[in-house]
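Working through the structure, step by step
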Amino acid sequence: MTKTHLGHRARKRFGQNFLHDEFVINDIVDAINPQPGQNLIEIGPGLAALTEPVADRAERLTVVELDRDLADRLEQHPFLSSKLTVFRGDALKTDFRQFAKEQPIRVFGNLPYNISTPLIFHLLEHLDVIEDMHFMLQKEVVERLAAEPNSKAYGRISVGIQQACQVEPVLMVPPGAFTPPPKVDSAVVRLVPYKESPYPVKSREALHKVCLIAFNQRRKTIRNNLKQLMSDEQIEALGIDPNARPETLSVADYCRLADWYSEQQGEHA
């Protein structure tokens, strides 16, 4: 099947970098492992580098595309139009539950760097209908998603995602696999939502809020960063050293802080 760029120029405002390396494309599709009958949703199909081989294996898929020109092309595509449902819209504002009427969804995409983190957090709100997610991201973002405590990459994103999903970096992708080549390395990550998280938390919203405040100034202690929320005694009562730095606390520690915060909010409601 011939790949054509169909004369489309990458648009900076959409953060578009198009994948063209056949070996890399095959490796990514193998990692996703699409099967006929599955409910696959691709975010930002672009020039269909992943869409074509996934459609070949799965027979049907839904794509979410914001760029009108690309959505038009996909709907008129000689091979793909009969296999695709094109949903025109911004993935950040899309309710992914609408795609899961009959079965859970498998989400994948080569995500624009400028929206990757907010988009993954948006998808966390739909985890009850998501079987798994495979994303091509900036390598540094994948490192943050998978980071362990006590590392430079560990932060609020690591805690928020690891509370909800199993995180598995799958493969590295060099800049030369894209047109135009980005200035950074990329990587593919697999996120599998937990049926029951090893880190239960009463409210993910509270967890994100506490992490945002805790990691706001990484060099300061937890006592300093959380002083608006809680006292030293309250931090110690949760088994956490107030003099610890934010990156030394585990995901479970942050879940305890978040549950305490949720209870306070409930009392003040």
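Predicted model, so just to flag it, every value in this text is computed and none were measured.

Right, let's get into the packing of helix 6 (residues 156–164) against helix 7 (residues 204–214). Contact geometry of helix 6 with helix 7 gives a least axis separation of 9 Å together with a crossing angle of 160 degrees. As summarised for this structure, helix 6 and helix 7 are arranged roughly antiparallel, according to the angle between their axes. Considering the relative orientation of helix 6 and helix 7, their crossing is right-handed. Along its contact with helix 6, which presents R156, V159, G160, Q163 and A164, the element helix 7 presents R204, L207, H208, C211 and L212.

Annotation of the protein chain at the domain level lists domain 1 (4–193) and domain 2 (204–267). Here the C-alpha centre of domain 2 lies 32 Å away from the C-alpha centre of domain 1. Listed as interface residues are 15 residues of domain 1 and, on the opposing side, 15 residues of domain 2. Buried area between domain 1 and domain 2, summed over both chains or domains, comes out near 1200 Å², and the portion from carbon and sulfur atoms is 64%. When the buried area of domain 1 at its contact with domain 2 is split by residue, Y154, R156 and Q163 rank highest and sum to 44% of it. In this structure, the connection of domain 1 to domain 2 is made through zero salt bridges.

Reading the values: the criteria
- Residues numbered from 1 in each chain as written.
- Predicted model: local features only at pLDDT ≥ 70, side-chain atom pairs only at ≥ 80, totals over all residues.
- Heavy atoms only, no water.
- Axes fitted to C-alpha atoms, helices over the stretch in contact; angles between N-to-C directions.
- Helix = DSSP H or I, 4+ residues; strand = E, 2+ residues; numbered from the N terminus.
- Parallel < 35°, antiparallel > 145°, perpendicular 65-115°, else oblique.
- Left-handed = near helix turned anticlockwise from the far one by under 90°.
- Contact = heavy atoms within 4.5 Å.
- Domains from an automatic or database assignment.
- Buried area = accessible area lost by both parts, 1.4 Å probe.
- Salt bridge = Lys/Arg side-chain N within 4 Å of Asp/Glu carboxyl O.

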